[in-house]
Amino acid sequence: MFKRAHYVAMTAVLLMVLLLLSLPDQTAARVKLAISALFLPLFGLSQSTQTATGKVTDATLPRNVLVNQLEQLRLENMQLKVLQMQSDAVMEENRRLRAMMQSKPQTTWNLRMASVIGRDPANWWRTIQINLGSEDGVRENLAVMSSQGLVGRVHRVGAHRAQVVLIGSQECKVAAVVDKSRENGVIGPSSSAAILDPNLVDLSYMTRNSRLEPGQLVYTSGLGGIFPQGILVGSIVDTRTVEHGLYVEARVKLAVNINQLEEVWVLLPPKP
Amino acid sequence: MNAITLIVILAFTYLTVFAQTTVDFIRVWLGAQVDLLPAFVVYAALSGNPLLTTLIAVFGGLWLDSLSMNPLGVTVAPLLVTGMVILYFREVVLREQLSAQFIFGLAAGAAVPLMVVLLLLTFGMQPLLGWGSLWQWVVMSIGCGAATPVVFRVFDLFDHWLSYQPLPETTFNHNREMKRGRN
């Protein structure tokens, strides 16, 4: 069955694999983007189909459902306007106080919405693909969030597509702070038992005297330079001591549901 | 198997890799995405030829890695090795049997992710692993095993549609026809 030519072909393929695996990171990333560009027509088709399906669903919705939704949105809009007024006043006060203290003014978020167009086919990585790329101003290491909370950071960027590493991956560790107690820690992948639930992560490296309680909210601390301060990460589920009582670790339930991400916001660099 | 069948199977592989990226209800229900490339390699090794096995391993692996955080090429070697091992023993396998297809799909579905993870660890990467990964491994293996007979049916159908089929042999032979009459 096996001829000499087969052995030669197999050796050639294995050599090619070794060559690919030993490529420098930047070159490998470019080759990868070039190969994955073959899927662009399918991603486009998939998005168009989803949009068309959405339009058909919208067109067939009964009028009373639409009227109810409209009423709810009007109410929500009014509430948000009041909150916006409050927030504007607080921002103005913050700006004035910072100016008095000669402190650097806080930057406002420059958000851009993106659709989730795919997920990592391998089970041992947690990444998603979004439909924004370098031509939309996206670059590596930008924070990605949803209206519920932090999602992850941009890992690789193509012209029209980017790969986002989700929070809870080894490649997306987040400096975080616990609300009220102001304890600092690092959000990382959850312990081995919780691999099947991507919405659970661990908050580690907190001192043993940390006062943590279930339900406390966890936000990004702004340390590390990638994620801005104050993005909601999730809430504490429970705590445990590790390293013979040296540190405290907490399990954190993410504010976003990683399995149901459809739209996300990329935090672009602030406009000058 | 002719060139057209080969191209159709490769196109099917391309669509399957895309589907594994965009369709994730199995991942949401069972906590793991089922990889169908090992099932394709089993078909190529048992019913195809070394060329098809190599092409599926190379293109399928590269396409999958390009959409994943895997280093480019890391899936190619496990798929190729699995395919070649099956190809080596194909003469002693009853490929028409459903049970044989299931067992080979199960074994390939178990072996390929294991080899990929070992390669990742060898190259110093840190994939998300834990006790939960055992469950994912079981889901991937059984999923691939269950999908393999379906892959055989579908690809055999393609082969049937796209290849020249041998004419059925009859006992009638034109050379032996006895013609009655004056001439």
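The rules we used
- The numbering scheme is per chain: residues are counted from 1 as the chain's sequence reads.
- Think of it this way: whatever chain is written first is A, whatever ligand is written first is 1, and the rest follow in order.
- Given that this is a predicted model, residues contribute local features only at a pLDDT of at least 70 and side-chain atom pairs are listed and counted only at 80 or more, while totals for whole chains, interfaces and linings are drawn from all residues.
- Computation of side-chain values covers all heavy atoms of the structure but excludes hydrogens and water.
- We count a stretch as a helix when DSSP gives it H or I for four or more residues in a row; a strand needs E for two or more, and each element gets its number in order from the N terminus.
- By definition, residues are in contact when any of their heavy atoms lie within 4.5 Å.
- In this count, Lys and Arg are taken as positive residues and Asp and Glu as negative ones, while His and the chain termini are left out.
- Every charge is mapped to an atom, namely NZ of Lys, CZ of Arg, CG of Asp or CD of Glu.
- Buried means the residue's accessible area, taken with a 1.4 Å probe over protein chains only, is under 20% of the maximum for its type, while exposed means over 50%, and partly exposed covers the values in between.
- To qualify as a nonpolar core, a set must consist of buried Ala, Val, Leu, Ile, Met, Phe, Trp, Tyr and Cys residues joined through side-chain atoms within 4.5 Å.
- The source of the domain bounds is an automatic or database domain assignment.
- Every helix has an expected span of 1.5 Å times one less than the residues it contains.
- What pLDDT expresses is the predictor's confidence in each residue, scored from 0 to 100.
- Accessible-area loss on putting two parts together, using a 1.4 Å probe and summing over both, is the definition of buried area adopted here.
- The working definition used for a salt bridge is a side-chain nitrogen of Lys or Arg within 4 Å of a carboxyl oxygen of Asp or Glu.
- Polar contacts, as used here, are pairs of N or O atoms within 3.5 Å; protein pairs need one atom able to donate a hydrogen and one able to accept it. Residues neighboring in sequence count only if both atoms are side-chain atoms.
- Any two strands with at least two DSSP bridges between them are considered paired.
- To get an axis, fit a line to the C-alpha atoms, keeping to the stretch in contact for a helix; angles then go from 0 to 180 degrees between the N-to-C directions.
- Any two of the Phe, Tyr and Trp rings considered here, Trp counted by its six-membered ring, make a pair once their centres fall within 6.5 Å; the pair's planes then place it as stacked at under 30 degrees, edge-to-face at over 60, or tilted in between.

### Some details on the overall build of chain A
Scanning chain A from terminus to terminus reveals 4 helices and 12 strands. Long-range contacts, defined as pairs at least 24 residues apart, comprise 58% of the intrachain contacts of chain A with a sequence gap of at least 6. Charge centroids of chain A, computed over 28 positive and 22 negative side chains, lie 5 Å from each other.

### Points about the environment of Val13 of chain A
Secondary-structure assignment places Val13 of chain A in helix H1 (residues 4-21). Owing to a relative accessible area of 10%, Val13 of chain A belongs among the buried residues under this scheme. With sequence-adjacent residues up to four places away left out, Val13 of chain A is seen in contact with Thr54, Val58, Val76 and Leu80 of chain B.

### Description of the nonpolar core
Core analysis: the biggest nonpolar cluster contains 102 residues, and Phe39, Ile187, Leu203, Val218 and Val266 of chain A have the highest contact counts within it. In terms of residue count, the dominant contributor to this core is helix H3 (residues 37-47) of chain B (9 residues). Counting contributing residues, this core receives three or more from each of domain 1 (2-59) and domain 2 (63-272) of chain A. Discounting chain neighbours no more than four positions away, the residues touching Ile187 of chain A are Ile167, Cys172, Lys173, Val174, Ala176, Val201, Asp202, Leu203, Val218, Val233 and Val252 of chain A.

### With respect to helix H4 (residues 63-100) of chain A
Here H4 of chain A is 38 residues long and its end C-alpha atoms lie 54 Å apart, about the 56 Å a rise of 1.5 Å per residue gives. One or two residues past the end of H4 of chain A sits Gln102 of chain A, with phi positive at roughly 55 degrees.

### A look at the confidence of the model for chain A
With 97% of its residues at a pLDDT of at least 70, chain A reaches an overall mean of 88. Mean pLDDT across the secondary structure elements of chain A bottoms out at H1 of chain A, with 87, and peaks at strand S5 (residues 162-166) of chain A, with 94.

### Details of the interface of chain B and chain A
Facing 54 residues of chain B, the contacting portion of chain A comprises 45 residues. In total, chain B and chain A occlude about 4,600 Å² of area from one another, counting both sides; carbon and sulfur atoms represent 74% of this. Remark: the boundary between chain B and chain A carries 1 salt bridge. Connecting chain B to chain A are 14 residue pairs in polar contact (both at pLDDT 80 or more). In terms of residues, the side of chain B that touches chain A owes the most to one element, helix H4 (residues 50-66) of chain B, which gives 8 residues.

### Focus on the sheet that holds strand S3 (residues 143-145) of chain A
All names here are of chain A. In spatial order, the strands read S1-S2-S5-S4-S3-S12; together these 6 strands close into a barrel with antiparallel pairing. Each strand of the sheet is rotated relative to its neighbour by a mean of 45 degrees, with strand direction disregarded. Bridge count for strand S1 (residues 110-119) against strand S2 (residues 127-130) is 3 bridges, and the pairing is antiparallel. Opposite Val116, over in S2, you have Ile130 as the bridge partner.

### Focus: the confidence of the model for chain B
On average, residues of chain B score 90 in pLDDT, and 99% of them reach the 70 mark or higher. For this predicted complex, the interface confidence reaches an ipTM of 0.83, while the overall pTM sits at 0.86.

### Observations concerning the pattern of salt bridges
Applying the stated criterion to the full structure yields 10 salt bridges over all chains. Between Asp156 of chain B and Arg95 of chain B there is a salt bridge, and its shortest N-O distance comes to 3.4 Å. Of the two residues, Asp156 of chain B is situated in helix H7 (residues 131-162) and Arg95 of chain B in the loop between helix H5 (76-88) and helix H6 (98-122); the sequence distance between them amounts to 61 residues. A residue is classified by how much of its surface remains accessible, and Asp156 of chain B, at 26% relative accessible area, is partly exposed. Among the charged side chains, a salt-bridge network with shared partners connects Asp202, Arg240 and Glu249 of chain A.

### So, the packing of aromatic side chains
All names here are of chain B. Within the structure shown, the criterion is met by 17 aromatic pairs over all chains. With centroids separated by 5.3 Å and ring planes inclined at 70 degrees, the aromatic side chains of Phe25 and Trp29 adopt a geometry described as edge-to-face. With Phe25 and Trp29 both in helix H2 (residues 25-30) and 4 residues apart, this pair spans about one turn of that helix. Trp29 gets classed as exposed once you look at its relative accessible area, which sits at 68%.

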